[in-house]
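# Examining the three-dimensional arrangement
One letter stands for each residue in the lines below.
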Amino acid sequence: QEPPTVVEVKPLAEPMAASAKVVEKVDPTIQDMGNHNSAVATLVEPSAAAERLSEAERLRFAGNEAFKAGEFGTASKHYHGALELDGENVAILSNLAAAELKCGDFTSAAMHAAAANELSGGFSAKALFRQGQALEGLGRPTEACEAYRRALDVEPGDRLVRQRLQECKAQL
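Everything numeric here is computed off the predicted structure, so don't read it as measured data.

## Examining the overall build of the protein
Of the regular secondary structure elements, the protein holds 9 helices and 0 strands. Evaluated residue by residue, the protein yields a buried proportion of 34% over its 172 residues. Look at the contacts in the protein between residues 6 or more apart in sequence, and 42% of them connect residues 24 or more apart. Carbon and sulfur atoms make up 54% of the accessible area of the protein, which totals about 11000 Å².

Encoded structure:
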């Protein structure tokens, strides 16, 4: 058996300055705190998860713009793309339900609004309202009224929800 190889390690003349230069290339506002591995790695290589969430937000915003322009099918496509990247985002689910309502796809709207409600713990008045609208569209006024009641529990002063509830009750 051979003896281990001994390698002489010579210290750098300026070890801190060399690593600080790397940080400066990434972001000059980062203070040199002596630990140069974690901050540099995080800034140089954003995680795949962060990139995925960023793309989901970009698609959600694109969906919002399409929705505002009255392009509900396009908005729905953007929201679907966002949902594939961030499947537990209440805003994406709720916005998708709104676009589906405008397209007359009440079954999908009810499903996505229900998912948003479940994720929010039942505290998203928008999602509850959209669920009510979808259930009304499906001809299920009793369930729709219950969704509107729950939305009013969350946002008691919402006049639109109160009006929708009254109109829904008239269908019973």
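## Focus: the packing of helix α5 (residues 90-103) against helix α7 (residues 125-137)
Viewed as axis vectors pointing N to C, α5 and α7 meet at an angle of 30 degrees, and their least axial separation amounts to 10 Å. Classified by the angle between their axes, α5 and α7 sit roughly parallel to one another. Considering the relative orientation of α5 and α7, their crossing is left-handed. Contacts between α5 and α7 pair Ser94, Asn95, Ala97, Ala98 and Leu101 from the former with Lys126, Ala127, Arg130, Gln133 and Ala134 from the latter. Residue composition of the contact of α5 with α7, by class: 5 nonpolar, 3 polar and 2 charged.

## Brief notes about the confidence of the model for the protein
Should pLDDT be low for a region, the predicted coordinates there are not to be read in detail. Per-residue confidence for the protein gives a mean pLDDT of 83, with 74% of residues at or over 70. Note on residues 35-44: pLDDT is under 50 here. Beyond four places in sequence and across chains, it has 10 contacts.

## Remarks on helix α4 (residues 72-85)
Look at α4: 20 Å from first C-alpha to last across 14 residues, which is about the 20 Å you get at 1.5 Å a residue. Within α4, the full set of buried residues consists of Ala75, Ser76, Tyr79, Gly81, Ala82 and Leu83. For α4, the secondary structure elements touched by its buried residues are α3 (48-68), α5 and α6 (106-120).

## Some thoughts on the side chain of glutamate 100
With respect to the secondary-structure elements, glutamate 100 resides in helix α5. At a separation of 2.8 Å, a polar atom in the side chain of glutamate 100 contacts the side chain of histidine 112. In this structure, glutamate 100 is in contact with Ser76, His80, Asp105, Ser108, Ala109 and His112, ignoring residues within four places of it in sequence.

About the criteria used
Residues numbered from 1 in each chain as written. Predicted model: local features only at pLDDT ≥ 70, side-chain atom pairs only at ≥ 80, totals over all residues. Heavy atoms only, no water. Helix = DSSP H or I, 4+ residues; strand = E, 2+ residues; numbered from the N terminus. Buried < 20%, exposed > 50% of the residue type's maximum accessible area, 1.4 Å probe, protein only. Contact = heavy atoms within 4.5 Å. Areas by Shrake-Rupley, 256 points an atom, 1.4 Å probe, with all protein chains shown as cover. Axes fitted to C-alpha atoms, helices over the stretch in contact; angles between N-to-C directions. Parallel < 35°, antiparallel > 145°, perpendicular 65-115°, else oblique. Left-handed = near helix turned anticlockwise from the far one by under 90°. Nonpolar A, V, L, I, M, F, W, Y, C, P; charged D, E, K, R; others polar. pLDDT = per-residue confidence, 0-100. Expected span 1.5 Å × (residues − 1). Polar contact = N/O pair within 3.5 Å; in protein donor to acceptor, adjacent residues only side chain to side chain.

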